[in-house]
Amino acid sequence: MPMKPILKNILDAQLQSLLDRLSADFCALSIYDPINLELRWKLARGSLNDRYKKIVIRNDKGLCAKALQMKREFVISNFPEELLEDSIEYPILLLEQLKSVIVAPLVHDSMLIGIILVGSRVQRDFMPTEVEKTIESATEILETYLNGERDETEFQSEVVILSEFLKKERIAQGDRFDVIILDQRIIHLPYSTQTTLVSVMQRLIGNIFEQNIQKLTCVCESFDDSAYTIQLTTSQYYELDSETFSLLAEEARSINGSIEMTCEKEKTSISLKFLINK
């Protein structure tokens with residue numbers, strides 16, 4: 001999965017800072033994939049080219065194996081002479097022509113998240129203070145990565161665009177529009193879900209009031225921890241044209257949802273139903 005642009009920029013700056021602090025030649029961040037049991041290099045500063053991005057290391061090989069086994073920093077002072085393994089198991093060192101490196105695993109809740117590597121293309125004995133600086137930077141980088149990669153639902157208290165949209169519409173439409181939120185958790189849906197719902201509802205509400213409907217009621221509720229419904233009910237007969245309905249249905253499907261319309265003589269109900277992936 002591609003890294004978010006803002007997160008990438010921050011991590012790039014942190015890698016460059018570590019590179020400068022140690023007056024090193026190369027600094028890189030890899031992320032561990034526990035599903036495929038492999039390590040991939042995501043970002044680097046001071047690289048000779050972009051070929052590092054193509055490196056895939058299984059968890060039983062080279063730096064990944066050492067990181068999983070030790071889960072603490074280690075130093076390779078003279079590559080490849082001091083290693084017992086074949087140098088082919090260390091493609092990043094070969095590719096970037098590195099002789100000496102500090103490796104700091106990024107560990108969270110006893111799980112390996114990734115690796116920070118900083119190195120020199122000439123043989124060098126890193127000082128204990130330089131190892132400490134690498135550990136400090138690794139801690140900062142891990143915190144940045146975890147915060148930046150949080151699931152969108154963790155921003156619920158900050159992102160309530162659905163709630164804000166409903167409030168603004170209620171003010172704009174006055175007595176013609178009632179909003180009832182039976183389960184407050186519905187305003188804390190993932191950001192992508194909220195933006196899609198706002199897009200759908202904006203078109204629906206606009207279309208409804210263009211037809212001179214006197215009263216519209218919106219009820220938001222959940223049936224369990226993963227199923228939600230937003231129901232719009234008009235005070236008069238109303239029918240959404242088939243083209244608009246198809247477009248809205250396609251948007252609803254993008255959030256694992258559906259849209260249903262029930263027309264009666266004195267009212268019409270439109271229900272947005274969707275599931276939240278956990």
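Just above sits the structure.
Residues numbered from 1 in each chain as written. Predicted model: local features only at pLDDT ≥ 70, side-chain atom pairs only at ≥ 80, totals over all residues. Heavy atoms only, no water.

Across its full length, the protein chain holds 7 helices and 11 strands. Relative to its length of 278 residues, the protein chain is extended, with a C-alpha radius of gyration of 27 Å against a globular reference of 19 Å. Taken over 278 residues, the protein chain has a buried fraction of 44%. Counted over contacts in the protein chain with a minimum sequence separation of 6, partners at least 24 positions apart contribute 61%. When the accessible surface of the protein chain is totalled, it reaches about 14,900 Å², and 49% of it is carbon and sulfur. A gap of 2 Å separates the mean positions of the 31 positive and 43 negative side-chain charges of the protein chain. (Helix = DSSP H or I, 4+ residues; strand = E, 2+ residues; numbered from the N terminus. Rg over C-alpha atoms; globule rule 2.2 N^0.38 Å. Buried < 20%, exposed > 50% of the residue type's maximum accessible area, 1.4 Å probe, protein only. Contact = heavy atoms within 4.5 Å. Areas by Shrake-Rupley, 256 points an atom, 1.4 Å probe, with all protein chains shown as cover. Lys, Arg positive; Asp, Glu negative; His and termini not counted. Charge placed at Lys NZ, Arg CZ, Asp CG, Glu CD.)

Counted at 1.5 Å a residue, the expected span for helix α5 (residues 161-173) with its 13 residues is 18 Å, and the 18 Å between its end C-alpha atoms agrees. When we look at burial in α5, the residues that qualify are Leu162, Ser163, Phe165, Leu166, Glu169 and Gln173. Down the axis of α5, the buried side of the element spans an arc of 160°, and every buried residue falls inside it. Residues of α5 that are exposed and angled more than 90 degrees away from the buried face: Lys168, Ile171 and Ala172. Once α5 finishes, Gly174 follows within two positions and takes phi at roughly 65°, a positive value. (Expected span 1.5 Å × (residues − 1). Arc of directions from axis to C-beta.)

Before going further, it helps to spend a moment on the side chain of Ser100. With respect to the helices, strands and loops of the structure, Ser100 is situated in strand β5 (residues 100-108). Reaching out from Ser100, the side chain makes a polar contact with the backbone nitrogen of Arg124 at a distance of 2.8 Å. Those residues in contact with Ser100 that sit more than four places away from it in its chain are Ile76, Ser77, Asn78, Val118, Gly119, Ser120, Val122, Gln123, Arg124 and Phe126. (Polar contact = N/O pair within 3.5 Å; in protein donor to acceptor, adjacent residues only side chain to side chain.)

What follows is about the sheet that holds strand β2 (residues 38-45). To summarise the sheet geometry, strands pair through backbone hydrogen bonds and adopt either a parallel or an antiparallel arrangement. Strand order in the open sheet formed by 6 strands is β3-β2-β1-β6-β5-β4, and the pairing between neighbours is antiparallel. Two strands close off the open sheet at either side, each with one partner strand: β3 (56-58) and β4 (74-76). Neighbouring strand axes in the sheet, compared pairwise and without regard to direction, differ in orientation by 25° on average. Two strands pair when backbone bridges link them, and β5 and strand β6 (residues 111-120) are joined in this way by 9 bridges, in the antiparallel orientation. Its bridge partner being in β6, Ala104 is matched across the sheet by Ile116. Sitting on the sheet, helix α2 (residues 62-70) is in contact with β1 (26-33), β2, β3, β4, β5 and β6, with an inclination near 125° to β6. (Pairing = 2+ DSSP bridges. Axes fitted to C-alpha atoms, helices over the stretch in contact; angles between N-to-C directions.)

This brings us to the sheet that holds strand β7 (residues 177-181). Spatially, β7-β8-β9-β11-β10 is the arrangement adopted by the 5 strands of the open sheet, whose pairing is mixed. Only two strands of the sheet have a single partner each, and these edge strands are β7 and β10 (257-263). Recorded for the sheet is a direction-independent mean angle of 15° between the axes of neighbouring strands. With 7 bridges joining them, β10 and strand β11 (residues 268-275) adopt antiparallel strand pairing.

Turning our eyes to something else, we now look at the pattern of salt bridges. For side chains of opposite charge, pairing can occur when their charged atoms come near one another. Taken as a whole and assessed by the stated rule, the structure comprises 10 salt bridges. Taking the shortest distance from any N to any O, the salt bridge between Glu73 and Arg72 comes out at 3.1 Å. Judged by its relative accessible area of 46%, Arg72 is partly exposed. Taking the shortest distance from any N to any O, the salt bridge between Glu96 and Arg121 comes out at 2.8 Å. With a gap of 25 residues between them, Glu96 in the loop between α3 (91-95) and β5 and Arg121 in the loop between β6 and α4 (128-148) connect regions that are remote in the sequence. (Salt bridge = Lys/Arg side-chain N within 4 Å of Asp/Glu carboxyl O.)

On to the nonpolar core, then. If you look at the biggest cluster of nonpolar residues, it comprises 31 residues, and the most contacted ones within it are Met201 and Ile230. Those elements that place two or more of their residues in this core are α5, β7, α6 (191-210), β8 (216-222), β9 (227-234), α7 (242-253) and β11. Considering each element in turn, this core owes the most residues, 8 residues, to α6. Counting residues in each nonpolar core, the second largest holds 26 residues, with Trp41, Leu83, Tyr90 and Ile115 among its members. (Core = buried A, V, L, I, M, F, W, Y, C linked by side-chain atoms within 4.5 Å.)

Right, let's talk about the state of the cysteines for a bit. Cysteine pairs can be covalently joined through their sulfur atoms, and such a bond is termed a disulfide. Throughout the structure, instances matching the rule amount to 0 disulfides. The thiol of Cys220 is unpaired, and the distance to the nearest cysteine sulfur, on Cys218, comes to 3.9 Å. Cys220 gets classed as buried once you look at its relative accessible area, which sits at 1%. (Disulfide = S-S within 2.5 Å.)

As enumerated under the stated definition, the model contains 3 aromatic pairs in all. For the ring pair Tyr228 and Phe274, a centre distance of 5.9 Å and an interplane angle of 10° mean the geometry is stacked. Of this pair, Tyr228 sits in strand β9 while Phe274 sits in strand β11, and the two are 46 residues apart along the sequence. We classify Tyr228 as buried; its relative accessible area is 6%. Here Phe274 falls in the buried class, since its relative accessible area comes to 3%. (Phe/Tyr/Trp six-rings, centres within 6.5 Å; stacked < 30°, edge-to-face > 60°.)

On their own, these measurements won't tell you what the molecule is for.
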